[in-house]
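Structural overview for review
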4 protein chains.
Amino acid sequence: MFDKLHEECGVFGMYAPIGQSVAKDIYYGLTALQHRGQESAGMAVWDTAGEKGNLTLKKDMGLVSEVFDAKTLGILSGNLGVGHVRYSTTGGSRPENAQPIAMHYIKGTLALVHNGNLTNADALKEQQMYRGQAHYTTTDSEVLAYEVISARLQCGCVEDAVRKAAEGLKGGYAVLVMSPRKLVGMRDPFGLKPLILGRRGEAYMMASESAAIEAAGGEVIRDIRPGEIVTVTKDGIKSDTSLCSDKVAHCIFEYIYFARNDSVIDGIEVQSARMKAGEALAKREDPGFEADLVAGVPDSGLSAAQGYAAYSQIPFGFAFHKNSYIGRSFIKPANEERADAVHMKLSVLKSAVKNKRVVLIDDSIVRGNTMKQIVELLRKNGAKEVHVRISSPPFLHPCFYGTDVANSSQLIASGHSTEQICESIGADSLSYLQIADFETMVGKMGLCTACFSGEYPV
Amino acid sequence: MFDKLHEECGVFGMYAPIGQSVAKDIYYGLTALQHRGQESAGMAVWDTAGEKGNLTLKKDMGLVSEVFDAKTLGILSGNLGVGHVRYSTTGGSRPENAQPIAMHYIKGTLALVHNGNLTNADALKEQQMYRGQAHYTTTDSEVLAYEVISARLQCGCVEDAVRKAAEGLKGGYAVLVMSPRKLVGMRDPFGLKPLILGRRGEAYMMASESAAIEAAGGEVIRDIRPGEIVTVTKDGIKSDTSLCSDKVAHCIFEYIYFARNDSVIDGIEVQSARMKAGEALAKREDPGFEADLVAGVPDSGLSAAQGYAAYSQIPFGFAFHKNSYIGRSFIKPANEERADAVHMKLSVLKSAVKNKRVVLIDDSIVRGNTMKQIVELLRKNGAKEVHVRISSPPFLHPCFYGTDVANSSQLIASGHSTEQICESIGADSLSYLQIADFETMVGKMGLCTACFSGEYPV
Amino acid sequence: MFDKLHEECGVFGMYAPIGQSVAKDIYYGLTALQHRGQESAGMAVWDTAGEKGNLTLKKDMGLVSEVFDAKTLGILSGNLGVGHVRYSTTGGSRPENAQPIAMHYIKGTLALVHNGNLTNADALKEQQMYRGQAHYTTTDSEVLAYEVISARLQCGCVEDAVRKAAEGLKGGYAVLVMSPRKLVGMRDPFGLKPLILGRRGEAYMMASESAAIEAAGGEVIRDIRPGEIVTVTKDGIKSDTSLCSDKVAHCIFEYIYFARNDSVIDGIEVQSARMKAGEALAKREDPGFEADLVAGVPDSGLSAAQGYAAYSQIPFGFAFHKNSYIGRSFIKPANEERADAVHMKLSVLKSAVKNKRVVLIDDSIVRGNTMKQIVELLRKNGAKEVHVRISSPPFLHPCFYGTDVANSSQLIASGHSTEQICESIGADSLSYLQIADFETMVGKMGLCTACFSGEYPV
Amino acid sequence: MFDKLHEECGVFGMYAPIGQSVAKDIYYGLTALQHRGQESAGMAVWDTAGEKGNLTLKKDMGLVSEVFDAKTLGILSGNLGVGHVRYSTTGGSRPENAQPIAMHYIKGTLALVHNGNLTNADALKEQQMYRGQAHYTTTDSEVLAYEVISARLQCGCVEDAVRKAAEGLKGGYAVLVMSPRKLVGMRDPFGLKPLILGRRGEAYMMASESAAIEAAGGEVIRDIRPGEIVTVTKDGIKSDTSLCSDKVAHCIFEYIYFARNDSVIDGIEVQSARMKAGEALAKREDPGFEADLVAGVPDSGLSAAQGYAAYSQIPFGFAFHKNSYIGRSFIKPANEERADAVHMKLSVLKSAVKNKRVVLIDDSIVRGNTMKQIVELLRKNGAKEVHVRISSPPFLHPCFYGTDVANSSQLIASGHSTEQICESIGADSLSYLQIADFETMVGKMGLCTACFSGEYPV
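Conventions used here
Residues numbered from 1 in each chain as written. Chains lettered and ligands numbered in written order. Predicted model: local features only at pLDDT ≥ 70, side-chain atom pairs only at ≥ 80, totals over all residues. Heavy atoms only, no water. Domains from an automatic or database assignment. Contact = heavy atoms within 4.5 Å. Buried area = accessible area lost by both parts, 1.4 Å probe. Salt bridge = Lys/Arg side-chain N within 4 Å of Asp/Glu carboxyl O. Polar contact = N/O pair within 3.5 Å; in protein donor to acceptor, adjacent residues only side chain to side chain. Helix = DSSP H or I, 4+ residues; strand = E, 2+ residues; numbered from the N terminus. Nonpolar A, V, L, I, M, F, W, Y, C, P; charged D, E, K, R; others polar. Pairing = 2+ DSSP bridges. Axes fitted to C-alpha atoms, helices over the stretch in contact; angles between N-to-C directions. Least-squares fit on C-alpha atoms with pLDDT ≥ 70 in both. Buried < 20%, exposed > 50% of the residue type's maximum accessible area, 1.4 Å probe, protein only. Arc of directions from axis to C-beta. Core = buried A, V, L, I, M, F, W, Y, C linked by side-chain atoms within 4.5 Å. Parallel < 35°, antiparallel > 145°, perpendicular 65-115°, else oblique. Left-handed = near helix turned anticlockwise from the far one by under 90°. Phe/Tyr/Trp six-rings, centres within 6.5 Å; stacked < 30°, edge-to-face > 60°. Lys NZ or Arg CZ within 6 Å of the ring centre and 35° of its normal.

This brings us to the domain arrangement of chain A. All names here are of chain A. The domains assigned to chain A are domain 1 (9-248) and domain 2 (269-453). Contacts between the two partners involve 14 residues from domain 1, matched on the other side by nine residues from domain 2. Across the domain 1/domain 2 interface, buried area totals approximately 820 Å², and carbon plus sulfur atoms make up 56% of it. Here domain 1 and domain 2 share zero salt bridges between them. The tally of links from domain 1 across to domain 2 stands at two residue pairs in polar contact (both at pLDDT 80 or more). Sorting the residues of the side of domain 1 that touches domain 2 by element identifies β6 (108-118) and β7 (171-179) as the ones contributing at least two each. Looking at the side of domain 1 that touches domain 2 residue by residue, the classes come out as four nonpolar, eight polar and two charged.

Here we take up the interface of chain A and chain D. In many reports, interface size means the accessible area that the parts give up when they come together. With 46 residues of chain A at the contact, the number on the chain D side is 46 residues. Interface area, chain A with chain D, both sides summed: about 3800 Å², of which 58% is carbon and sulfur. It is Phe318(A), Tyr325(A) and Ile331(A) that lose the most area in chain A upon contact with chain D, and together they represent 18% of the buried surface on that side. Put simply, chain A and chain D have two salt bridges between them. Among the salt bridges present, the one from Glu214(D) reaches Lys350(A), with a minimum N-O distance of 3.7 Å. Among the elements of the structure, α1 (23-32), α3 (70-75), α7 (210-215), α9 (270-283), α10 (302-312), α11 (342-345), β19 (346-348) and α12 (350-353) of chain A are those that each provide at least two residues to the side of chain A that touches chain D. With five residues, the single largest contributor to the side of chain A that touches chain D is α1(A). Its residues assigned to classes, the side of chain A that touches chain D comprises 20 nonpolar, 17 polar and nine charged.

Before going further, it helps to spend a moment on the sheet that holds strand β1 (residues 9-15) of chain C. Residues and elements named next belong to chain C. Across the sheet, seven strands lie side by side as β3-β2-β4-β1-β10-β9-β11; this open sheet has antiparallel pairing. The two strands at the open ends of the sheet, each matched to only one other strand, are β3 (56-61) and β11 (219-223). Put simply, the sheet's adjacent strands are angled 15° from each other on average, direction ignored. With seven bridges connecting them, β1 and strand β4 (residues 80-86) associate as antiparallel partners. From the neighbouring strand, Phe12 faces β4, where its bridge partner is Gly83.

To continue, consider the environment of Thr241(B). Residue and element names in this part refer to chain B. Relative to the elements of secondary structure, Thr241 occurs in the loop between β13 (236-240) and β14 (250-251). Thr241 sits 141 residues away from Pro100 along the chain, and the two C-alpha atoms are 25 Å apart. Sequence-distant contacts of Thr241, defined by excluding residues within four places in its chain, comprise Arg225 and Glu228.

Superposition record for chain C on chain D: RMSD 0.1 Å, screw rotation 179°, translation along axis 0.1 Å. In short, the pair behaves as if placed about a two-fold rotation axis. In terms of C-alpha distance to the rotation axis, chain C has Gln133(C) as its closest residue, with the C-alpha 2.5 Å off the axis. Comparing interface residues between copies, 100% of those in chain C also sit at the interface in chain D, which points to an isologous, same-surface contact.

The subject of this paragraph is the relation of the copies chain A and chain D. Least-squares fitting of chain A to chain D yields an RMSD of 0.0 Å, with the superposition described by an axial translation of 0.0 Å and a rotation of 180°. In this assembly, 100% of the residues forming the interface of chain A have copies in chain D that are likewise at the interface, indicating an isologous arrangement.

Next up on the list: the pairing of strand β6 (residues 108-118) of chain D. Residue and element names in this part refer to chain D. Of all eleven residues in β6, eleven are buried, a share of seventy percent or more. Looking at chain direction, strand β5 (residues 101-105) and β6 are connected through five bridges and run antiparallel. Looking at β6, one finds that Ala102 is bridged to Ala111. The pairing of β6 with strand β7 (residues 171-179) spans eight bridges and is antiparallel. Paired with Leu118 across the two strands is Gly171, which belongs to β7.

Residues and elements named next belong to chain B. Listing the buried residues of helix α6 (residues 158-167) in full gives Val158, Glu159, Ala161, Val162, Ala165 and Ala166. Axial view of α6: buried residues confined to an arc of 155°, hence all on one face. On its buried face, α6 sits against β5 (101-105), α5 (140-152), β7 (171-179), β8 (182-187), β12 (229-233) and β13.

Next up on the list: the nonpolar core. Core analysis: the biggest nonpolar cluster contains 138 residues, and Tyr255(B), Val388(B), Leu360(C) and Val388(C) have the highest contact counts within it. Ignoring sequence-local partners within four residues, the contact set of Leu360(C) consists of Ala295(C), Val297(C), Phe320(C), Met371(C), Ile374(C), Val375(C), Leu378(C), Val386(C), His387(C), Val388(C) and Arg389(C).

Here we come to the pattern of salt bridges. By the definition in use, this model includes 84 salt bridges over all chains. Here Asp240(A) makes a salt bridge to Arg163(A), at a shortest N to O gap of 3.4 Å. Here the residue Asp240(A) occupies a position in strand β13 (residues 236-240), and Arg163(A) occupies one in helix α6 (residues 158-167), the gap between them amounting to 77 residues. On the accessibility criterion, Arg163(A) (24% relative accessible area) is partly exposed. Between Asp262(D) and Arg260(D) there is a salt bridge; the shortest N-O distance is 2.9 Å. Under the relative-accessibility criterion, Arg260(D) is labelled buried at 6%. Where salt bridges share partners, they join Arg36(A), Glu209(A) and Glu254(A) into one cluster.

A few words now on the packing of helix α5 (residues 140-152) of chain A against α6(A). Residues and elements named next belong to chain A. At a minimum axis distance of 8 Å, the contact between α5 and α6 shows a crossing angle of 120°. The pairing of α5 with α6 is recorded here as oblique in orientation. In terms of crossing hand, the pair formed by α5 and α6 is right-handed. Here α5 contributes Glu147, Val148, Ala151 and Arg152 to the contact with α6, which in turn contributes Val158, Ala161, Val162, Lys164 and Ala165.

Below, the discussion takes up the sheet that holds strand β17 (residues 293-296) of chain C. Residue and element names in this part refer to chain C. Here four strands make up an open sheet; going across it, the order is β17-β20-β21-β22 and the pairing parallel. Of all strands in the sheet, those bounded by a partner on one side alone are β17 and β22 (429-432). Strand after strand, the sheet turns through a mean of 20° between neighbouring axes, direction not considered. As judged from the four bridges shared by β17 and strand β20 (residues 357-362), these two strands associate in the parallel manner. In the strand pairing of β20, Gly296 is matched with Ile361.

One thing to see here is that chain A and chain C don't touch, and their nearest C-alpha atoms sit 13 Å from each other. If you take every C-alpha in chain B and every C-alpha in chain D, the smallest gap between them is 13 Å, and the two do not touch.

As a further point, take the packing of aromatic side chains. Any pair of aromatic rings gets described here by the distance separating the centres and the angle formed by the planes. The full count for this structure, using the stated rule, is 58 aromatic pairs over all chains. Between Tyr27(C) and Tyr28(C) the ring centres are 5.5 Å apart and the planes differ by 65°, which places this aromatic pair in the edge-to-face class. A relative accessible area of 0% places Tyr27(C) in the buried class. What makes Tyr28(C) buried here is its relative accessible area of 4%. When the ring centre of Phe289(A) is taken as origin, the NZ or CZ atom of Arg389(A), which lies over that ring, is 5.1 Å away.

Let us look at the interface of chain C and chain D. Counting residues at the interface gives 22 residues for chain C, matched by 22 residues for chain D. The junction of chain C with chain D conceals about 1900 Å² of combined surface from both sides, 61% of it contributed by carbon and sulfur atoms. Taken together, the links from chain C to chain D amount to zero salt bridges. Across the chain C-chain D interface, the total number found is seven residue pairs in polar contact (both at pLDDT 80 or more). Among the elements that make up the side of chain C that touches chain D, the one with the highest residue count is strand β5 (residues 101-105) of chain C (five residues). Its residues assigned to classes, the side of chain C that touches chain D comprises twelve nonpolar, six polar and four charged.

The next subject is the environment of Glu159(C). Residue and element names in this part refer to chain C. Of note, Glu159 is situated in helix α6 (residues 158-167). Glu159 gets classed as buried once you look at its relative accessible area, which sits at 6%. For the pair Glu159 and Arg389, spaced 230 residues apart in the sequence, the C-alpha separation amounts to 46 Å. Once you skip the residues sitting within four places of it in the chain, Glu159 turns out to touch Lys182, Val184, Thr231 and Lys238. Within polar-contact distance, the side chain of Glu159 engages the side chain of Lys182 at 3.0 Å.

Spelled out as structure tokens, the structure:
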């Protein structure tokens, strides 16, 4: 509904000792990852003591809580499983594109979940089709699955097949492969997409975010390294780091907006990074800048607002009530100017802003239409000044690694100066975080900043 | 619910001129074929003027009227399509096994519907997997689809690929393949499964039964020949008869029970064949045999009863009321002896049978439990004698070509003499049609009588 | 879908000893009565050992099998209950009009089910509203319930309140009232609507048709007398006949079409009455009348056709295949002339009618449009002559007692001569049963023949 | 899921000029009131130019967005309507208890929505039943509707009937009555429940909260006075203040927790009242009290936390991530100690609390179990001290006016001292707001403080 960039997916996998059931833990893990994809959800589980890959699969359009009920969770029995939440970027919004992808192959059944985007999927797919491999979906995740299956015909074990497949992949991917007796996790060599390893007793988990491991009652062991392949078997875990390299490029947008603020990704707590982004914005203010209130756009701007307020000593305060009951099925007003229903979702706390000079903080501006209405709402309720501060640099370039901005014509910053945008959204002033501030946010870390800088790692 | 053999599937395909829509006609065709499979239904359509194989697919568990509503039919837009109704025999009762099977392959998308059973599916599937072809379903129909796709890599057109694939198939199959610009129909060389060609104006149709072509407003052209491959393109139809041979073996059970009695299959009207089976039964009665009423078990025994009555001059009459509202979702009584709810489905017209000697006709006895209860119902309502006549020979051998009797232990006739069965069902006498009577029913026609004779054509 | 008069409703009630559960028996009873109403279904049950009238209620639009599943039946616990199937005539097709009607009143809860129509409902309703009694539905059944509740304030027990209420009712009604500790059944003094008493062990049942009692495993005791009030308590049954009179007027249409042919109503088996109607038609043929085949329109004309054939010695035969999968959700063709989809529902058995002179029998002609298409179908398939015979007299007058023909403009016979109708439906000849033949059908019985004769009993 | 008191209901009504449609505006109004009841939702509308009270009604269990879709809103056509969201307190959680209540009475149809609770409902209901008025629901709202209907028989217009009915009512109620040509709103003489009047052009609205009026595009005119009856007709509004008195008793819990913080109720902005409650807590701290962080439990404690932080100069900060995807259908962990899934809903931002002395603010403690887990979560993540501050006094007495705490045994404060509770929840210190602080919060206003003081206004 809002003017946001969307992350593609979240993944969760778990391998517990025989006799334990993983379905409910995967359900908790996926619920904790729901913010990464609300379009479809799915889970595949099996029993490693049973027939090879005799899986139970459930996937459908909808939220985790819509796709799974107590009865379904009861049917999903087994000690090994993978789950997925999806917001479609490539492949389109079709039920058959929901994940896990489950295929019967020469060694039994293989189930795969994938967060990210392969930039060479079309070329790989064409090769596959020339080999007679048919596709049921239009996703690059199925391309990835076929690469693993093809490699498996020449490799002695599934983890070697995953490595062999990885040699031919380009793009960003955090992927979990469930083979009859193994759970294999792989992160692309740049580490564009996050993947974390955790455990609960003798059970191992891998997930897109640390918060999911904690939601399933586990504790974080460590991040999977960029390019690393971790294999869980009944005998424990082992690691293949042969594809790891020095050049890493973590997606900065995980820290800016995608991830939960309680997650710790590649060693940095997201909330902390967001607060520091707010501080960095405050440090860059002109010496004489004055205001009465620092307010964040809920919920994405609140952490940076707190950081900005702490540094600037301008009081932090809530300026909006957010209606949390407005979801995908909300029926929007018909008339165009109100069509995104910002006023239904956000309403202003009048006493908080009346006659105030407000610093309004949000994480990003994509198309700019929502921010315009928010500024308008503040003014209508008596705000004297509205100074918009964005806790990321201007969004100028498309992302090819699994987010939903594929061309720059949708990006207001791509074709307009900061002054023009400021005028367009009706703010008194507008400023952005700078690329140089990323080090303040997350320290010296290899980053992908392509959407801001145009420098693509691949 | 009743003691019946089940046919696996029904297929329907249609290719209309560009600009016309086939979805509703396929819906009518499938509705007319619903008796051939009530477990799942599906349809795939596309527009031959559009992108290659950009299909719309809808399939689900349930009846045709449950899977399709007006909105869904509206979305299924295109001038070329195939549809399917399914009763699972191989592959199990799983949603992903519903047809059409739709796969993206090197030439676009291929959709396939299949009635029948491949006896060499396992061997073919293993070869496919060694080639890296993954399966999403557990059906032999997907095996068949992959054979076509693999052959397509070596053949210049889809119809040649179908023929090349057919060379390696064993078993019974009537199959429709929808390739981006063509509709290809193929019948196995023995002609085990029926497939009929029809037209409506410039549109061509292929269907499992003639009744479906008429339901869609078309007229029958002719039966597809055993082994023939018929290809419909925008320029009309063409036929490849290179796989046709002299040895045909049509399934006799289509005439005995599977098909609608208004259908004409391989030149013989089903109703007519059934009446003649009744006559043949009457002819075989002992000279002094007397009775007061010839009654059929509704609906499967009614046609033969009419034939029996006409020949024997014993009056035909209805003996039962059948409750047509008892379907799959009916909740059966819990106590075992009434568990099949025969008394709910059938009730006796008392005045019709009281103090009467009844000849009771049905098409077959599989396990025998239903017939026992029907005889009991008649006696409880005052029938003096009950003479059971079956319009097919004793069912002794399993069928491997797409019906649901896979081993002979389920067949009462396999382990018991006619006298024993007569006693078991509580009848005064019991007799069957004889294999020699088939010629009376359908004339001199190559038949598969394996389930009665044990002589399998393959 | 077809050109039929519709009965309004079916009712079923059961009072079993404490500790037994009636829900499943009511479910079977209602399933057996489904032909009397397919629009909505409902059931109310309670435990007479529990709190007074603490009922569980389930009612909804749809068939019995759609409204009730195993889970719902499990929740409906109690030893006393009433159920209902409905086809809306008065009150409109709205979910809140489904029955049972359940009301909390001064003595606990009252649940009521009703088959029939009150001709003075509007006047009674106005009086009720002047007393401050509000209505939640637009049905006359709620009017009836309020009459009982109002009377209860002045009567010592519910059965007396039912009798007092009955004194003010006009029209046709078979009604079951469930009061906290009693089940009361009442039939209008003319006996327009049927109501039968049965038992199974110590449990008593009342139902619209005997077939329902048998479906629930019970045996028929007797018909409730016109005007009789039967009360079932834990101590057994008692009868109040103070409103019974000599002038009875049973609805002849129950025998012609409404009831199941295995039901016995007021002493006459329906199947037997229908066969005799066919005989009566045959008796009235001109001496030289010749034909080759007597065929009934399935299923309503089959019994009379059997009777006609037996008397006339013209062979009986099936002429149609009926597709039993076409229900309420069937999507009809869009073009007007095929809009009632007769050709989808019925198809002709070609060999049966080709070059034949056919006597075609149906139970009634209401608007005439369906019969026209059936005659056309026969001719298209080669019938040489089609002689239509109707096993009831011309339908001339509206019915005010609970069927759905409220004005005569919808009745083709009302404005047209038999010759005109014959021409309109395209038959070679057309004739009807005569009112005088009713005695042949059902013997000397007080009948309501208002729809044919215009002589209304009330 | 959490340890919260629940408000019973929210109401919304609208009367627009003939030709306009109110359904979508009511939908927006109800969406804005969703926090007041998530169990069922409903709406009744009609066209005042049409037949009297020919209403369209839709109500069901579920959220506003689940009960209404675009199709349903399209069917709900009319310029006058009322809507309701419900959390069941009296009457139980049954579909038939959803509102609006719609009854056909002597003047057409009446639809009623009600927020509150009648304390004399049982006595009134018994009187009604002695008059023969049957009940379909177990709610006091139906009792209220019958009082209006009964009064209407003696009054010349519906607004007079409402006033006459009100004379006999005891308890708290904000009620909207829709009569064929009028919309009548009434607030109980103590003003226990809120009701606000608004307008948009010539259309008038009444709603439980001002936020709902704004969500429907309207502007607030004023609060309905305690005891006032406002009638909207096509000619505008009129007011009957004859039942207004000087003794008002507004529910203080609307300001503490029930209402949205952007609503203005009886002249006081809720957010402002909550911040002042936080300030009042800070003022009461001991002189030497020190801490490092003021954090609110999201979302109910955030406003008071902001107020506390501003006064105390201890930094405000977020301490939790809240997962907004955990709703009613969330499947909770099975093991008892985690059964309320607090850790799934709330997770701690580690860097925010590590080694900090935390002041933790929430609006109330009902049973105390949730707070115990929250304190535990903070400690586990490194908080050095946890000082719990509650922005309302100890909750000691049940509420009889429409919230869901009916007896004091569920209230931890009722049987335990503050010291005991502090120990039980594991806090370092615990203190509450005092009744004397209410004046700081909302000024000199007549309040119902019964749940804290035991002084009931009625």
